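Structural features, examined
Below are the chains, spelled out letter by letter.
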Amino acid sequence: MITVLAILSAATGAVALASSTGTLNASPAATDQDQRMGSGAPFQDPPEADMAAGSNGDLTVTLDAHDTQFDLAGKTVIGQSYNGSYVAPTIRFDPGAQVDVRLVNHLPVATDVHFHGLHLDPADHSGDEFVCVAPGGTSTYHLVIPANHPQGTYWYHSHAMGANCAASTGSGSGTENQVFAGLSGALIVGDDRTLLPAAYQHIIAHTFILKDFQTGAAATTVRLVNSQLRPVVTMAPNETQLWRLINAGADISYRLRMDGYAFTVVGEDGVPAADVTTVGTLILAPGKCYDVLVTANGTPGTAWLRSTSSANGPLGDPYPDATLAELDVGGRAVSRLPLLTGVSQDTKTEA
């Protein structure tokens, strides 16, 4: 794995610039690298992009790419960001929208933005992954979203692969380096809860951005959820929530399980599921997205969302079990929703 956070930190003369104390919550996943970090804080969704209506009615958003010092659960590291956040702001719009995304490049190297999975006209300036923005440059991507675009979860990220980007060398250049350093976030088109039966259309929805970081070549990777170390997600007994899961990292996969629980898949890579399935394990390679329903048990208790041990081949890296988030079920029980089966309204319409 190429560790941009370590490379950029080394340029300043320190790998870990600082470390501050936090509320420690011992867990089965504590490692030598993260044991001094704060964990167990309440779960927070990623920041939202500041979307505005332009004079022509288009939505507009600015992404300011620059080298950034992050405080990640009490550990200070150097990386790259859109608008100052290790998890880039979530961009939301509806099918049929026109969106202008203005990229301002304050990085010392070239960069680009790719809107992964969106159904866009390649002839328009809508995210050509081979057109790079030079240091100090600005580019506006005009996204014309089809009116029948599937509603679901996508992601956007640096895709610095064009000729101009290839000519840019050094720390922080290239797609893998820039995604690992922080240049990735969620795209949400519409609201796929509206495609579910009426009883499900107002359930709580959360976005889980899975990313990891290292502060040294020999260090174990630290896996974060929305820049948090093992945050606590709360649910009432019998409550159902929609979890939007995105592997927005550059290199490693996640093999998700939550003992005593299952995931009901209603969307995959932005497309509503043709058939609703319930599984005990989800495998998320880099860039993979799932929309799943999770229903809490009927009695109070806790469970760990974790990535079980995996290896990506003899030339790759083995990764041990890692706990990602804690589910805390408590309070007054609610009525359990009816079992969800069949296909979504979106799939029925397109069939």
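Let us look at the structure shown here. Per chain, residue numbering runs from 1 following the sequence as it is written. Where local features are concerned, this predicted model is filtered to residues with pLDDT of at least 70; where side-chain atom pairs are given and counted, the filter is 80 or more; whole-chain, interface and lining totals use all residues. Neither water nor hydrogens contribute to the side-chain values; these are computed over all heavy atoms in the structure.

1. Things to note about the sheet that holds strand β20 (residues 301-307)
A pair of strands counts as paired when DSSP detects no fewer than two bridges linking them. Numbering of helices and strands runs from the N terminus, with a helix taken as a DSSP run of H or I at least four residues long and a strand as a DSSP run of E at least two residues long. The sheet built from five strands is open, its strands ordered β13-β23-β20-β15-β18 with mixed pairing. Unpaired on one side and paired on the other, β13 (232-235) and β18 (282-284) mark the two borders of the sheet. Between one strand axis and the next, the sheet turns by 25° as a mean value, whatever way the strands run. In the sheet, strand β15 (residues 254-258) pairs with β20 via three bridges, with the strands oriented antiparallel. Note on β20: the bridge partner recorded for L256 is S307. Interaxial angles span 0 to 180 degrees and are taken between N-to-C directions of axes, which are lines fitted to C-alpha atoms, for helices over the stretch in contact.

2. Description of the packing of aromatic side chains
Centre distance within 6.5 Å is the pairing criterion for rings of Phe, Tyr and Trp, where only the six-membered ring of Trp is used; planes under 30 degrees apart are then read as stacked, over 60 as edge-to-face, and the remainder as tilted. Applying the stated criterion across every chain, the model contains five aromatic pairs. Taken together, a centroid distance of 5.2 Å and an interplanar angle of 70° make the contact between F70 and Y86 edge-to-face. Of this pair, F70 sits in strand β3 (residues 59-72) while Y86 sits in the loop between β4 (75-82) and β5 (88-93), and the two are 16 residues apart along the sequence. Taken as a pair, F70 and Y86 share a single burial class, namely buried. Between F115 and Y141, the ring centres sit 5.7 Å apart and the planes meet at 75°, which makes this aromatic pair edge-to-face. Of this pair, F115 sits in strand β7 (residues 114-116) while Y141 sits in strand β8 (residues 138-144), and the two are 26 residues apart along the sequence. Assigned by exposure class, F115 and Y141 land together as buried. Linked through ring pairs, F43, F208 and W243 together constitute an aromatic cluster. Lysine NZ or arginine CZ positioned within 6 Å of the ring centre and within 35 degrees of the ring normal marks a charge as sitting over the ring. The ring of Y254 has R223 sitting right over it, with the charged end atom 4.5 Å from the ring centre. Relative accessibility thresholds used throughout: buried, under 20% of the residue-type maximum; exposed, over 50%; partly exposed, between the two (1.4 Å probe, protein chains only).

3. Structural notes on the side chain of S158
Checked against the element boundaries, S158 lands in the loop between β9 (152-157) and α2 (163-166). At 2.5 Å, the side chain of S158 forms a polar contact with the side chain of Q178. Dropping the residues within four chain positions of it, S158 is found in contact with Y82, T111, D112, T175, Q178, V179 and L183. Think of a polar contact as two N or O atoms within 3.5 Å of one another; within protein, one of them needs to be a possible hydrogen donor and the other a possible acceptor, and neighboring residues in sequence only count if both atoms come from side chains. Any two residues whose heavy atoms approach within 4.5 Å are treated as being in contact.

4. Examining the side chain of E239
With respect to the helices and strands, the residue E239 is situated in the loop between β13 and β14 (240-247). Neither His nor the chain ends is counted toward charge; the positive residues are Lys and Arg and the negative residues Asp and Glu. Basic side-chain nitrogens of Lys or Arg form a salt bridge, by our definition, when they fall within 4 Å of a carboxyl oxygen of Asp or Glu. Buried and unpaired, E239 has R193 as its nearest opposite-charge partner, separated by 9.5 Å. A polar contact of 3.2 Å, which involves the side chain of E239, links it to the side chain of Q241. In contact with E239, not counting residues within four places along its chain, are I204, V294, T295, A296 and V334.

5. Quick look at the layout of surface pockets
The definitions used throughout rest on a 1 Å grid laid over the protein atoms alone, on which a cavity is an enclosed set of points accommodating a 1.4 Å probe that cannot get out and a pocket is an open set flanked by protein within 12 Å on both sides along at least five of seven lines; lining residues are those having an atom within 4 Å of a point. Grid points are joined across faces, edges and corners, and a volume is the space filled by probe spheres set on the points. Approximately 250 Å³ is the volume attributed to the largest pocket. Taken together, 14 residues line the largest pocket, and the ones lying closest to its centre are T240, T264, T295, R336 and L339. By residue number, the principal contributor to the lining of the largest pocket is strand β19 (residues 289-295), which donates three residues. Amino acids are sorted into nonpolar (Ala, Val, Leu, Ile, Met, Phe, Trp, Tyr, Cys and Pro), charged (Asp, Glu, Lys and Arg) and polar (every other residue, Gly among them). Its residues assigned to classes, the lining of the largest pocket comprises nine nonpolar, four polar and one charged.

6. Describing the environment of I145
Looking at the secondary structure, you find I145 in the loop between β8 and β9. As a C-alpha pair, I145 and G96 span 49 residues in sequence and 5.0 Å in three-dimensional space.

7. Observations regarding the pattern of salt bridges
When the charged atoms of two side chains with opposite charge come close together, those side chains can pair. A full pass over the atoms with the stated rule returns nine salt bridges. Ionic pairing is found between R257 and D259, a salt bridge with its closest N-O pair at 4.0 Å. Classification of R257 as partly exposed rests on a relative accessible area of 29%. Between R306 and D321 there is a salt bridge, with the nearest N and O atoms lying 2.7 Å from each other. Here the residue R306 occupies a position in strand β20, and D321 occupies one in the loop between β22 (318-319) and β23 (322-329), the gap between them amounting to 15 residues. Since its relative accessible area comes to 17%, R306 is described here as buried. By relative accessible area, D321 is classed as partly exposed at 42%. One salt-bridge network, in which partners are shared between bridges, spans D191, D192, R193 and R244.

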